[in-house]
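Structural overview
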Amino acid sequence: MHRFPIFGPRAVRRLALTAALVLTTVSLSALNTATAQAESSDLKALPPAMDCADVTELDVDRAAGTKVTWQSAAVVTTGTAAPYCEVRGTIAPASTIVLRLPVNGWTQRYVQTGCGGLCGSANINFTQASTCPPVRDGTVASATTDMGHQGQPDGSWALANPQAQIDFAYRSVHLTSVVAKAVITRFYHHKIAYSYFTGCSDGGREALMEAQRFPDDFDGIAAGAPANNMAVQNTYHHAWNVVANLDADGKYILLAGKLPLIHTAVLATCDAIDGVKDGVIDDPRRCAFDPSSIVCRDGQDPSGCLSKAEANVVRRLHDGATDAKGRRLEPAVGHEWGSELEWTLFVPAAQVSASRARTSPSRTCATWPSRAPRTPTSS
Ligand SMILES: [Ca+2]
């Protein structure tokens, strides 16, 4: 797994490339590092310069370059670490924007959150950044968008609607940052010190799109498990996770009980390549793990090793989808070395019907904060 530092604007494009390569193997911990805590405490908490309800009177059309209408602005005091002014509005033609503006002290940071799936609802969800102290304490200003359509998770909103397609592709996220910054600056009568974007799954795609198209929008971007190659992901990639693991009778070959021993073997081979033995493989592309290295020897307890068929599945899952002639159908490997414990997304614990198999990128996002890297030891 990877740690994400806070990247400056000049590094954002490099981050985008890196994030696109590592896909589901990444994890975020930088936003709750000691460094971030120290920097956060350096910024003075500021009070609002206007009443929450008056936000609906703000005219930010010029900043947005389009009509922005406000539906509501009211202080929320329950279910939150600190009270905030919740603002709801619409960026024309149809992008919902929701903001949270702390009313008991704002520590001069803005965090915009991304969305999962095809979005369609505006819910601020910090995912990987949820344990970041300023987020946990409720002292950051934040916003999100539904990306230009409401509901319709089947994608029907996109049919013959190029504006909705553009809003989903990149426009809503960008204009949300523009409008949110205009509102925040006027609400506190103070400029934002740092702006961040964090998202996972489609939110990771949004993050990469921002890095590519609007690299000046944010000081730091966290792209988690980015679903940026949708056509390949939703066809070859997910299908391969199932078919690469089935025998001639349609039964699963590799079951999840073997994943920890595979992961342990991968770490034993590749953890120290980056110079620190910490349970983290900094660059999985430099890891040349060979699954056949843990195939059972004669007389070995099969619970501690793999059959040749299981090792072949591990190789195929890592390498990714190919056609009958061995030609690659995915631009990179299917699953980076080091990500084996997350393969429970598609490697079942016990035999189930392949037709009932499910994979869910959003679960990868949900599991990220739960597994922190181990404390480094000398290598
Ligand atoms: Ca390491």
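Everything that follows concerns the structure shown earlier in this document.
Notes on the structure in this doc start here. Source: prediction; values computed, not measured.

1. Quick word on the overall build of the protein
- Helix and strand content of the protein: 10 helices and 7 strands.
- A total of 379 residues make up the protein; the buried ones form 41% of that total.
- Within the protein, residue pairs in contact and separated by at least 24 positions form 69% of the contacts whose partners lie at least 6 positions apart.

2. A word on helix α9 (residues 308-319)
- In this model, α9 (12 residues) spans 16 Å end to end at C-alpha, consistent with the 16 Å of a helix rising 1.5 Å per residue.
- If you check which residues of α9 are buried, you get E310, A311, V313, V314, R316, L317 and H318.
- Buried-residue contacts for α9 involve α7 (230-243) and α8 (259-270).
- Trailing α9 by a residue or two, G320 shows a phi angle of about 95°, which is positive.

3. What about unusual backbone geometry?
- For the bond from A92 to P93, the omega torsion is 5°, close enough to zero to count as cis.
- Position of P93 among the secondary structure elements: in the loop between β2 (84-91) and β3 (95-102).
- Of note in this structure, A160 is not a glycine but carries a positive phi near 55°.
- The topology assignment puts A160 in the loop between β5 (141-145) and α5 (162-188).
- With 6 C-beta atoms packed within 10 Å, A160 lands in the exposed category.

4. Some points on the environment of Y252
- Summarising the element assignment, Y252 is placed in the loop between α7 and α8.
- A C-alpha to C-alpha distance of 6.3 Å links Y252 and Q351, two positions 99 residues apart in sequence.

5. Details of the pairing of strand β4 (residues 109-113)
- Burial within β4 is extensive, with 5 of its 5 residues counted as buried.
- On β4, burial covers both faces: R109, V111 and T113 on one face and Y110 and Q112 on the other are all buried.
- Sheet topology note: the β4/strand β6 (residues 194-200) ladder contains 5 bridges and is parallel. Paired with V111 across the two strands is Y196, which belongs to β6.
- When β4 meets β5, the two strands line up parallel, connected through 3 bridges.

Each value, and the rule that gives it
Residues numbered from 1 in each chain as written. Predicted model: local features only at pLDDT ≥ 70, side-chain atom pairs only at ≥ 80, totals over all residues. Helix = DSSP H or I, 4+ residues; strand = E, 2+ residues; numbered from the N terminus. Buried ≥ 20, exposed ≤ 12 C-beta atoms within 10 Å, placed from the backbone. Contact = placed C-beta atoms within 7 Å. Expected span 1.5 Å × (residues − 1). Pairing = 2+ DSSP bridges.

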